[in-house]
Amino acid sequence: MKKVVVIFNGGTIAMKVDERIHAAVPSLSGEEVMSMVTGIESHAVVESHNFSSLPSPHVTPELMLELSNYVKTFLDRDDVDGVVVTHGTDTLEETAYFLHLTINSDKPVVVTGSMRNGSELGYDGPANLSAAICTAISDESRGRGVLVCLNDEINAASEVTKSHSMKLNTFESPEFGLVGIVDDNKAHFYRESLDHDYIDIDKIETNVDLIKACAGMDGKLVDFCVENGAKGLVIEAMGRGNIPPKMAASVKNAICKGIPVVLVSRCYRGRVLDSYGYEGGGKDLRTAGVIFGDDMPGQKARIKLIIALGKTNSIDEIREIFENGRY
Ligand code: ASP
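Residues numbered from 1 in each chain as written. Predicted model: local features only at pLDDT ≥ 70, side-chain atom pairs only at ≥ 80, totals over all residues. Heavy atoms only, no water.

Here we take up the site of the ligand. Surrounding the ligand, one finds Gly 11, Thr 12, Met 15, Pro 55, Ser 56, Gly 88, Thr 89, Asp 90 and Ser 114. A distance of 2.6 Å separates an oxygen atom of the ligand from a polar side-chain atom of Ser 56. Contact between the ligand and Asp 90: a nitrogen atom at 2.8 Å from a side-chain N or O atom of the residue. If the ligand stood free it would expose 270 Å²; the protein chains cover 85% of that surface. Here the shell around the ligand is composed, by residue class, of two nonpolar, six polar and one charged. (Near = heavy atom within 4 Å. Polar contact = N/O pair within 3.5 Å; in protein donor to acceptor, adjacent residues only side chain to side chain. Areas by Shrake-Rupley, 256 points an atom, 1.4 Å probe, with all protein chains shown as cover. Nonpolar A, V, L, I, M, F, W, Y, C, P; charged D, E, K, R; others polar.)

Let us now look at the layout of surface pockets. Reported here for the largest pocket is a volume of approximately 330 Å³. Counting only elements with at least two residues in the lining of the largest pocket, the list comes to β9 (161-162) and α8 (298-311). With three residues, the single largest contributor to the lining of the largest pocket is α8. Per-class residue counts for the lining of the largest pocket are seven nonpolar, seven polar and 10 charged. Ile 103, Asn 104, Ser 105, Gly 145 and His 196 are the residues nearest the centre of the second largest pocket, which is lined by 14 residues in total. Tallied by class, residues from the lining of the second largest pocket come to four nonpolar, six polar and four charged. (1 Å grid on protein atoms, 1.4 Å probe; cavity = no way out; pocket = protein on both sides within 12 Å on 5 of 7 lines; lining within 4 Å. Points joined across faces, edges and corners; volume = space filled by probe spheres on them. Helix = DSSP H or I, 4+ residues; strand = E, 2+ residues; numbered from the N terminus.)

Let us now look at the packing of helix α5 (residues 220-227) against helix α6 (residues 245-256). Geometry of a packed helix pair, given as the angle between the helix axes and the separation of the axes. Packing of α5 against α6 leaves a shortest axis separation of 8 Å and a crossing angle of 20 degrees. When the interaxial angle is binned, α5 and α6 end up roughly parallel. In the crossing of α5 with α6, the sense of the turn from one axis to the other is left-handed. On α6, the residues that touch Val 222, Asp 223 and Val 226 of α5 are Met 247, Ser 250, Val 251 and Ala 254. Among the residues making up the contact of α5 with α6, the classes are represented as five nonpolar, one polar and one charged. (Axes fitted to C-alpha atoms, helices over the stretch in contact; angles between N-to-C directions. Parallel < 35°, antiparallel > 145°, perpendicular 65-115°, else oblique. Left-handed = near helix turned anticlockwise from the far one by under 90°. Contact = heavy atoms within 4.5 Å.)

Between its first and last C-alpha atoms α8 spans 20 Å; for 14 residues at 1.5 Å apiece the expected length is 20 Å, and the two agree. Here α8 lies mainly inside the structure; 12 of its 14 residues are buried. Looking at α8, one finds that the buried residues are Gly 298, Lys 300, Ala 301, Arg 302, Ile 303, Lys 304, Leu 305, Ile 306, Ile 307, Ala 308, Leu 309 and Gly 310. (Expected span 1.5 Å × (residues − 1). Buried < 20%, exposed > 50% of the residue type's maximum accessible area, 1.4 Å probe, protein only.)

A full pass over the atoms with the stated rule returns two cavities of 30 Å³ or more. Considering only enclosed or pocket space, the second largest cavity measures out at about 50 Å³ in volume. The wall of the second largest cavity is formed by Asn 9, Phe 51, Ser 52, Leu 54, Val 59, Leu 63, Met 64, Leu 67, His 87 and Thr 95. Of all the secondary structure elements, the ones that give two or more residues to the lining of the second largest cavity are β4 (45-52) and α2 (61-75). Considering each element in turn, the lining of the second largest cavity owes the most residues, three residues, to α2.

This is the structure in structure tokens:
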């Protein structure tokens, strides 16, 4: 029987309601959650470890790097066939993408969590955990990069985002849809994700800010980040990749100072491109040296920039990393 290491790492899947404050807080140990995944012993040998009990908003890029190195220690073991990591769903896509970009192994790594806590009716933790373990033991899951499995749906970490604040089927890959499903305790795949980007790093640059553009915005937030030592910026631009003129002036100033600026769209779906030539349009920004971030949401582009800056300070190399993948 295959062996799966389950790394417990916080999130709602390990929470219950504290009756004094009527709100969910971390309270379940890995062992307690695992004991609810009844019958799993007929499918896999499970070895559990506790990494953290943090809620999503407490997770940092430094912790993601620590987690990535921790996961690698298990993947290096010959007796381990795959790894499952639990995570709060709010920043799950950021950590899953971090792991995807920094782990170079064919063995399955599957990230899961839950939308309902252990005190709620319909707690989805055990079902999601068992589906993630079943995904991790599947031969078909090998070589696919990091996967995200909740609600019996499998998405690629490179494509997935949290789409709804409360629904159980919150994880979606807006452009291309899910890669597979779990049915009758077995993973079934319907397509491949071609994003196999791997960035070999041993450090990261966390001083990277994310700014969302909106109508009439000026450059003060961009200026503030630059003045406060940002080493990289991600701009969630409008539509195809356009920003207001005053903001554009500040972005150009940031680039002149040697700060890489990655442009993505604030639209839920679609790539950015240099289609518009007016001031602040994509063409104007590309001419100024902005890096285009394809169809990623800002929070995932920021993770990629944090990792890319751990490898190189060269804007040209960072552009390669962002624009040479699926471009
Ligand atoms: N706020 C929670 C967290 O991300 C949500 C969840 O885990 O589903 O930690």
